[in-house]
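# Overview (structure and organization)
Listed below are the residues making up each chain.
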Amino acid sequence: MSDDFSALPFRPADILLPQNCDLSLWSVVACDQYTSQPEYWQRVEQRVGRAPSSLRLILPESSLDGPHVETDIMEVNNTMSRYLREGRFTQLDGAMVYVERTLHDGQVRRGLVGMVDLEQYDYEAGSNALVRATEGVVLSRIPPRIAVRKNAPIELPHAMLLCDDPQRTVLEPLAGQKDQMAFLYDFPLMENGGRVAGWLLGPRQLGQVAAALGRLADPAAFRARYHTGPDAPVMLFAVGDGNHSLATAKECYERQKRLTDPQVWATLPARFALCELVNLHDDSLAFAPIHRVVFHTDPQALLAALIHRFPGAGRGRGEQGQVLHYVHADGEGEITIPDPPSQLPVGTLQLFLDEYLNGHGGRVDYIHGEEVARQFAAQAGNLAFLLPALDKAQLFPGVIHDGVLPRKTFSMGHAHDKRFYLEARKIR
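Description of the structure in this document. None of these values were measured; they are calculated from a predicted model. (Residues numbered from 1 in each chain as written. Predicted model: local features only at pLDDT ≥ 70, side-chain atom pairs only at ≥ 80, totals over all residues. Heavy atoms only, no water.)

### Let's talk about unusual backbone geometry
Cut-off, in case you're wondering: Under the scheme used here, helices are H or I runs from DSSP no shorter than 4 residues and strands are E runs no shorter than 2 residues, and both carry numbers assigned from the N terminus. For each residue, the accessible area found with a 1.4 Å probe, counting protein chains only, is set against the maximum for its type, and the residue is called buried under 20%, exposed over 50%, and partly exposed in between.
Backbone geometry at glutamate 191 places phi at a positive 55 degrees, although glycine is not the residue there. Mapped onto the fold, glutamate 191 is located in the loop between strand S10 (182-189) and strand S11 (194-200). The exposure class of glutamate 191 is partly exposed, given its relative accessible area of 21%. The phi torsion at histidine 227 lies on the positive side, around 55 degrees, for a residue other than glycine. Within the fold, histidine 227 resides in the loop between helix H7 (219-226) and strand S12 (237-241). In this structure histidine 227 comes out as exposed when scored by relative accessible area, which is 68%.

### A look at the packing of aromatic side chains
Filter applied, for reference: We call Phe, Tyr and Trp rings a pair once their centres come within 6.5 Å, taking the six-membered ring for Trp, and we label the pair stacked below 30 degrees between planes, edge-to-face above 60, and tilted otherwise.
As enumerated under the stated definition, the model contains 14 aromatic pairs in all. A centroid spacing of 6.1 Å and a plane angle of 75 degrees characterise the contact between phenylalanine 10 and phenylalanine 237, whose relative ring orientation is edge-to-face. Here the residue phenylalanine 10 occupies a position in strand S1 (residues 10-11), and phenylalanine 237 occupies one in strand S12, the gap between them amounting to 227 residues. Assigned by exposure class, phenylalanine 10 and phenylalanine 237 land together as buried. Aromatic side chains phenylalanine 183 and tryptophan 199 sit 6.1 Å apart centroid to centroid with 65 degrees between the ring planes, which places their arrangement in the edge-to-face category. In this pair, phenylalanine 183 sits in strand S10 while tryptophan 199 sits in strand S11, placing the two residues 16 residues apart along the sequence.

### Looking at the pairing of strand S16 (residues 322-328)
Inclusion rule: Only strands joined by at least two bridges in the DSSP assignment are considered to pair.
Burial within S16 is extensive, with five of its seven residues counted as buried. Sheet analysis places S16 next to strand S17 (residues 331-337), joined by seven bridges and oriented antiparallel. Among the inter-strand pairings, valine 323 is bridged to a residue of S17, identified as threonine 336. The hairpin turn running from S16 into S17, its antiparallel successor, is two residues long. Across four bridges, S16 lies against strand S19 (residues 383-386) in antiparallel orientation. If you follow histidine 325 over to S19, its bridge partner there is leucine 386.

### What to know about helix H10 (residues 345-360)
Condition: To estimate the expected span of a helix, count its residues, drop one, and scale the result by 1.5 Å. Contacts between residues were defined by any pair of non-hydrogen atoms, one from each residue, lying within 4.5 Å.
In a regular helix each residue adds 1.5 Å, so 16 residues correspond to 22 Å; H10 covers 22 Å between its end C-alpha atoms and thus fits that length. Burial in H10 covers these residues: Pro345, Val346, Gly347, Thr348, Leu349, Gln350, Phe352, Leu353, Tyr356 and Leu357. Looking at the buried positions of H10, the neighbouring elements they touch are strand S14 (287-295), helix H9 (299-309), S16, S17, strand S18 (363-368) and S19. Positive phi appears at glycine 361, one or two residues downstream of H10, with a value of about 80 degrees.

### With respect to the nonpolar core
The cut-off we apply is this: The criterion is simple. A nonpolar core is a set of buried Ala, Val, Leu, Ile, Met, Phe, Trp, Tyr and Cys residues joined through side-chain atoms within 4.5 Å.
In this structure, Leu161 and Leu395 are the most contacted members of the largest nonpolar core, which totals 64 residues. Membership of the second largest hydrophobic core comes to 43 residues, among which are Ala30, Val99, Val196 and Tyr421.

### Some thoughts on the pairing of strand S9 (residues 160-163)
The side chains of a regular strand alternate between both faces of the sheet. The alternating pattern of S9 places Met160 and Leu162 and Leu161 and Cys163 on opposite faces, both of which are buried. In this sheet, S12 lies alongside S9 in antiparallel orientation, the contact comprising four bridges. Bridged to leucine 161 within S12 is valine 239. In terms of strand pairing, S9 meets strand S13 (residues 272-279) through four bridges, oriented parallel. Following the sheet pairing, leucine 161 is matched in S13 by leucine 277.

So this is what it looks like as structure tokens:
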């Protein structure tokens, strides 16, 4: 590994790429997508069939509460070991991969695959780490993910880090240097996922990436840009997607630290996690809202409790305050909350839902796409809240000054534009 990255939390990794297989069947979407649409995963299962696939190396989130989850996890780990024995992967040592993902609408999202140092990442609210979570992590969702990862010999990433690089100094220069890098892959993704292509960075590209990241991490430049105090710690990266995935990797690493001599912590493979770095200012990167759908509830009773919970709240769109748009089988409307407890509507709503469902039952799910949310809302006993999108320009200042955002505040694009599994890395 180049010493240019020694002071940075993102660096080259020994990357495993699948070989001798159909990559369009190997690559599947992130496991935390389509949690309330089992038919999606059924279609993927049918399409993959018996072909080698990352589908065999992950556990869709919709399966974490299944009756055979322990057996499923064991099968995932066994398949990982079998793929390694069979030589299913080729390893790129000390590598970074430049990625161009062509989305379903034709836009191209540029990314850089490397590994993040978990010693420099913290998902706790109020963290001063170089790498911080963008939204609150639900601690109850960590243990089942730890169960999947703790004995796994390899990891497959769907976490995406964001850098705030309006001058486009890190990733964008690589687009004009593809002819100077080794070509790795180019293939279509299933289920309207678009296409993905990758190139291996050479020494020149690695050096310029390290230099550009070093400039973004400069403390004086950081404090001037975000108008912080003279002692404010630098935040270089924010976790855009995969907050819970990265938090799980962090917890697994912390467990290993408790069982090993501190002198070997720096060499533990689990200290790092593979991920993709994307520029917040990439033209293709659009923030989409994540809607809330409450299942198995009485919509009218829930809406009445929502109005009662916040003083001055009422039906209809008021002149001042936050507006929550709801939909259910009998119609739709709006509730205005004039003196909300959170700066964002999603924060106000989530506060109420956590309280209400704890005492009244029902289940909330986080839905990407208004059309899907409306489909669920049309079913009796369901209630959807359609939320506005977050202005991405406010992401870094918001996290720096106010701490993490409410969980599931935003989504980077539609579900089929999420990261697909492709690369892997040994973690044991």
